[in-house]
Amino acid sequence: MTRVYFVRHAQPEYNWKEDRTRPLTEEGKKDSAIVLEFLRDKKIDAFYCSPYKRSLDTIVDAADFFGKEIVTDERLRERKKGSDGNNYEMFQKRWADHDYHEEGGESIAMVQKRNMEALNEIILDNTDKEIVVGTHGTALSTILNFYDNSFGCEDFLRIIDWMPYIVELDFEGDKLVGKQEYCHMEKEFKGNQRADKK
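These figures come from a predicted structure and were not determined experimentally.

## Let's talk about the nonpolar core
Among the nonpolar cores identified, the biggest contains 31 residues, and V4, F6, F91, L119, V133, F156 and L157 are the most heavily contacted of them. Within the residue set of this core, elements represented by two or more residues are strand 1 (2-8), strand 2 (46-49), helix 4 (88-96), helix 5 (108-125), strand 4 (130-135), helix 6 (137-147), helix 7 (153-159) and strand 5 (162-172). The element that contributes the greatest number of residues to this core is helix 5, accounting for 6 residues. Ignoring sequence-local partners within four residues, the contact set of L119 consists of F6, I143, Y147 and F171. In terms of nonpolar packing, the next biggest core, distinct from the first, is built from 15 residues, V7, I44, A62 and F66 among them.

## Side note on the environment of E26
On the secondary structure map, E26 appears in helix 1 (residues 26-31). For E26 and E13, which are 13 residues apart along the polypeptide, the C-alpha to C-alpha distance reads 9.0 Å. Of note is the side chain of E26, whose polar atom sits 3.0 Å from the side chain of K29.

Reading guide: rules and limits
Residues numbered from 1 in each chain as written. Predicted model: local features only at pLDDT ≥ 70, side-chain atom pairs only at ≥ 80, totals over all residues. Heavy atoms only, no water. Core = buried A, V, L, I, M, F, W, Y, C linked by side-chain atoms within 4.5 Å. Buried < 20%, exposed > 50% of the residue type's maximum accessible area, 1.4 Å probe, protein only. Helix = DSSP H or I, 4+ residues; strand = E, 2+ residues; numbered from the N terminus. Contact = heavy atoms within 4.5 Å. Polar contact = N/O pair within 3.5 Å; in protein donor to acceptor, adjacent residues only side chain to side chain.

What follows is the structure, given as structure tokens:
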């Protein structure tokens with residue numbers, strides 16, 4: 001069995017303009033300690049991650065603890081945001097129609113396609129191992145939706161404030177055979193133009 005621990009990043013600096021280099025807040029850096037605390041008694045064979053700074057910084061202490069390099073994969077990055085930004089109406093539109101995207105942005109289907117391509121390769125390369133994947137809220141949600149198509153907007157909104165958040169998926173070959181949610185820290189999501197959750 002191959003076990004994958006997905007780690008959604010800790011709280012980022014929302015006022016930071018450039019998505020790729022957006023750092024964690026001081027609070028987010030402290031909260032990242034729960035990642036190492038959770039993983040330290042596991043047998044982790046490899047670390048993979050989005051190339052975005054907030055994801056890397058959330059798992060770097062755990063990778064150092066295990067003496068592992070973090071392999072970055074551009075396909076694991078977060079959804080490219082377009083002109084309309086993040087708000088409740090846009091969340092609903094994207095999850096109701098996985099092919100919908102605002103100008104300059106990516107659809108759920110686009111994000112899912114590249115994340116699943118990366119994940120399938122990671123699973124194939126790490127048969128019967130335990131691995132960590134540093135990820136993002138939307139990126140992770142598209143993966144969860146791939147294995148359970150009932151996962152939708154309300155599920156996405158349930159985890160939107162969880163930073164960091166750890167979920168385990170277990171595979172036999174490429175078949176999902178188990179899922180378990182673990183620790184999370186609840187922080188307010190402050191994406192631009194966000195309306196209150198309903």
